[in-house]
Amino acid sequence: MMQVQMEDLQSRLNDLVGALDGHDAGAIIAATEELATAVILFRGVTIPAGSEHRARALMGQTLNQLEAAAMRVNILKNWTRQRIDKSHDIRGTRPRGAALSY
């Protein structure tokens, strides 16, 4: 059961990375919601005795996918910030002070 849940989690992460690469806001939202559901379902899974090594390997793969998604989010955030700044420059409405970033 754990492996099925982990594979589903990884599949949802792949969907999110693909949506981020495609710059499709609707697909990003849908993939994020599906990923959240998969995480909730995975949290309730118990790791069968004797499969701890396999679980660690799967978790390592998942963490790598999460890093890939996080990098893409940061890139999109930076691109968006640049576009907003360029728009302000064009309009002559550059905001004063540091922009909030989370």
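Here is a short report on the structure shown in this document. (Residues numbered from 1 in each chain as written. Predicted model: local features only at pLDDT ≥ 70, side-chain atom pairs only at ≥ 80, totals over all residues. Heavy atoms only, no water.)

**Describing the packing of helix H1 (residues 2-22) against helix H2 (residues 25-43)**
Convention followed: What counts as an axis is a line fitted to C-alpha atoms, over the stretch in contact for a helix, and the angles between N-to-C directions run from 0 to 180 degrees. Helical segments are the DSSP runs of H or I of at least four residues, strand segments are the runs of E of at least two, and each set is numbered from the N terminus. Should an angle fall under 35 degrees it is called roughly parallel, over 145 degrees roughly antiparallel, and 65 to 115 degrees roughly perpendicular, with every other angle called oblique. Crossing handedness is defined as follows: a turn of the near helix away from the far one that is anticlockwise and smaller than a right angle gives a left-handed crossing, while the clockwise case is right-handed. Contact criterion: two residues are considered in contact whenever any of their non-hydrogen atoms come within 4.5 Å of each other. Each residue is assigned to one class: nonpolar for Ala, Val, Leu, Ile, Met, Phe, Trp, Tyr, Cys and Pro, charged for Asp, Glu, Lys and Arg, and polar for all the others, Gly among them.
Packing of H1 against H2 leaves a shortest axis separation of 9 Å and a crossing angle of 160°. The orientation of H1 relative to H2 falls into the category roughly antiparallel. H2 is crossed by H1, and the crossing has left-handed handedness. Contacts between H1 and H2 involve Met 2, Gln 5, Met 6, Asp 8, Leu 9, Arg 12, Leu 13, Asp 15, Leu 16, Ala 19 and Leu 20 from the first element and Ala 27, Ile 28, Ala 31, Thr 32, Glu 34, Leu 35, Ala 38, Val 39, Leu 41 and Phe 42 from the second. For the contact of H1 with H2, the residue count by class is 15 nonpolar, two polar and four charged.

**Structural notes on the side chain of Gln 5**
Spelled out, the test is: Accessible area is worked out with a 1.4 Å probe on protein chains only. A residue is then buried under 20% of its type maximum, exposed over 50%, and partly exposed in between.
One can find Gln 5 in helix H1. Residue classification places Gln 5 among the buried positions, given a relative accessible area of 14%. Leave out the neighbours within four places in its chain, and Gln 5 touches Leu 41, Phe 42 and Val 45.

**Some details on the pattern of salt bridges**
The test is simple: Salt bridges, as used here, are contacts in which a Lys or Arg side-chain nitrogen is within 4 Å of a carboxyl oxygen on Asp or Glu.
What the rule picks out here adds up to five salt bridges. In this structure, Glu 34 engages Arg 12 in a salt bridge whose closest nitrogen and oxygen atoms are separated by 3.8 Å. Separated by 22 residues along the polypeptide, Glu 34 in helix H2 and Arg 12 in helix H1 bring together distant segments of the chain. A relative accessible area of 37% means that Glu 34 is categorised as partly exposed. The partly exposed category is assigned to Arg 12, whose relative accessible area is 25%. Residue Arg 72 pairs with Asp 21 through a salt bridge whose shortest N-O separation is 2.5 Å.

**Section: the nonpolar core**
Quick note on the threshold: Note on terminology: a nonpolar core comprises buried Ala, Val, Leu, Ile, Met, Phe, Trp, Tyr and Cys residues joined through side-chain atoms within 4.5 Å.
Counting residues in hydrophobic clusters, the biggest one holds 19 residues, and the most contacted among them are Met 2, Leu 9, Leu 16, Leu 20 and Ile 28. For this core, the secondary structure elements donating two or more residues are H1, H2 and helix H3 (52-91).

**Observations concerning H3**
Note on helix geometry: an α-helix contains 3.6 residues per turn, so any two residues three or four positions apart are oriented the same way. For clarity, the cut-off: To estimate the expected span of a helix, count its residues, drop one, and scale the result by 1.5 Å.
Its 40 residues place the ends of H3 58 Å apart at the C-alpha level, agreeing with the 58 Å of an ideal helix rising 1.5 Å per residue. Turning to H3, its buried residues number three or more, namely Ala 55, Leu 58, Thr 62, Gln 65, Ala 68, Ala 69 and Leu 76. Buried residues belonging to H3 abut H1 and H2. Looking one or two residues past H3, Gly 92 carries a phi angle of roughly 75°, positive in sign.

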